[in-house]
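Spelled out, the chains give:
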Amino acid sequence: MKKILKYTIYAFLALVFVALVVRIWIFDASNVFTDIVPTENAKTAYAENQEILSHELIQNIADDGNSRGYALVYIPESGELQITMKYNLSILKKASLPEGYEFQFKLFDTETEREYYAVYYQRDIKGNYGFTRAVFEGVHFSEGADIEIVMCSEDYSEDYSCYKVHASKQDFEPYKLSKEEIALLGQ
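Calculation notes
- Residues numbered from 1 in each chain as written.
- Predicted model: local features only at pLDDT ≥ 70, side-chain atom pairs only at ≥ 80, totals over all residues.
- Heavy atoms only, no water.
- Helix = DSSP H or I, 4+ residues; strand = E, 2+ residues; numbered from the N terminus.
- Rg over C-alpha atoms; globule rule 2.2 N^0.38 Å.
- Buried < 20%, exposed > 50% of the residue type's maximum accessible area, 1.4 Å probe, protein only.
- Lys, Arg positive; Asp, Glu negative; His and termini not counted.
- Charge placed at Lys NZ, Arg CZ, Asp CG, Glu CD.
- Salt bridge = Lys/Arg side-chain N within 4 Å of Asp/Glu carboxyl O.
- Core = buried A, V, L, I, M, F, W, Y, C linked by side-chain atoms within 4.5 Å.
- Contact = heavy atoms within 4.5 Å.

1. Quick notes on the overall build of the chain
When helices and strands are tallied, the chain shows 4 helices and 9 strands. Going from N to C terminus, the chain has its helices and strands arranged as α-α-β-β-β-α-β-β-β-β-β-β-α. Scaling as 2.2 N^0.38, a compact globule of 187 residues should have a C-alpha radius of gyration of about 16 Å, whereas the chain reaches 21 Å, well beyond that. With the principal axes as the frame, the chain shows a C-alpha extent of 75 × 40 × 30 Å. Within the chain, buried positions represent 38% of all 187 residues. Side-chain charges in the chain split into 18 positive and 29 negative, and the spacing between the mean points of these groups amounts to 16 Å.

2. A closer look at the pattern of salt bridges
Scanning the model with the defined rule gives 4 salt bridges in all. Residues Arg123 and Glu102 are paired through a salt bridge, measuring 3.5 Å at the closest nitrogen-oxygen approach. You can see Arg123 sitting in strand E5 (residues 115–126) and its partner Glu102 sitting in the loop between helix H3 (90–94) and strand E4 (104–109), a full 21 residues away along the chain. The class of Arg123 is partly exposed, set by a relative accessible area of 27%. For Lys106, the salt bridge is made with Glu115, and the minimal N-O distance between the two is 3.2 Å. Residue Lys106 is classed as buried on the basis of its relative accessible area of 8%. By relative accessible area, which is 32% here, Glu115 ends up partly exposed.

3. Section: the nonpolar core
Counting residues in each nonpolar core, the largest one holds 28 residues, and the members touching the most others are Ile83, Phe103, Phe105, Leu107, Phe136, Ile149 and Val165. Those elements giving two or more residues to this core turn out to be strand E2 (67–75), strand E3 (80–88), H3, E4, E5, strand E6 (129–136), strand E7 (147–152) and strand E8 (159–166). Every residue in contact with Ile83, bar those within four places of it in the chain, is listed here: Leu57, Gly69, Tyr70, Ala71, Leu72, Thr132, Arg133, Ala134, Phe136, Ile149 and Val165. Among the nonpolar cores identified, the runner-up in size contains 8 residues, and Ile36, Val73, Ile75 and Leu177 belong to it.

4. Digging into the environment of Thr112
Of note, Thr112 is situated in the loop between E4 and E5. Taking the relative accessible area as the measure of exposure, Thr112 reaches 46% and is therefore partly exposed. Counting along the chain gives 72 residues from Thr112 to Glu40, while the straight-line C-alpha distance between them is 27 Å.

Encoded structure:
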């Protein structure tokens, strides 16, 4: 009887462990939209050996707790900026928005108060999170600017989350292209 109880407990613990590993594996979103989007500007920058830059984002999560950014890429010559935003889908309920609602994104230059609107999106959902890779064009940073990305309604009339993308004293570093990115940009 003790052996049966002992093996039942072992089987239960193993089942819980397997369930946790499967859940982590299924909802792993560490590599969603991390590669550069092969836009014409990005292909030209690669072909002409122009600077492709990046930097670590200084803010881990938006102040409201609803979103975070990562995988920032900036091409100064063309003014193209690419960033991936991850947001909790619970924001849809908080804002009384329908399931599947697609947020728009804009950049805001705090120095000049200029707004830049995304020209291209890639979107995905994994578990409780939405992911959007947004591409902006014509972005040229003013000297003392902080740049924020704002998650907006489809008509840009309402703002749902704001996240700091670039701080005025933050330096860019050369972006190291992966083999996959080089293959995409070389096509």
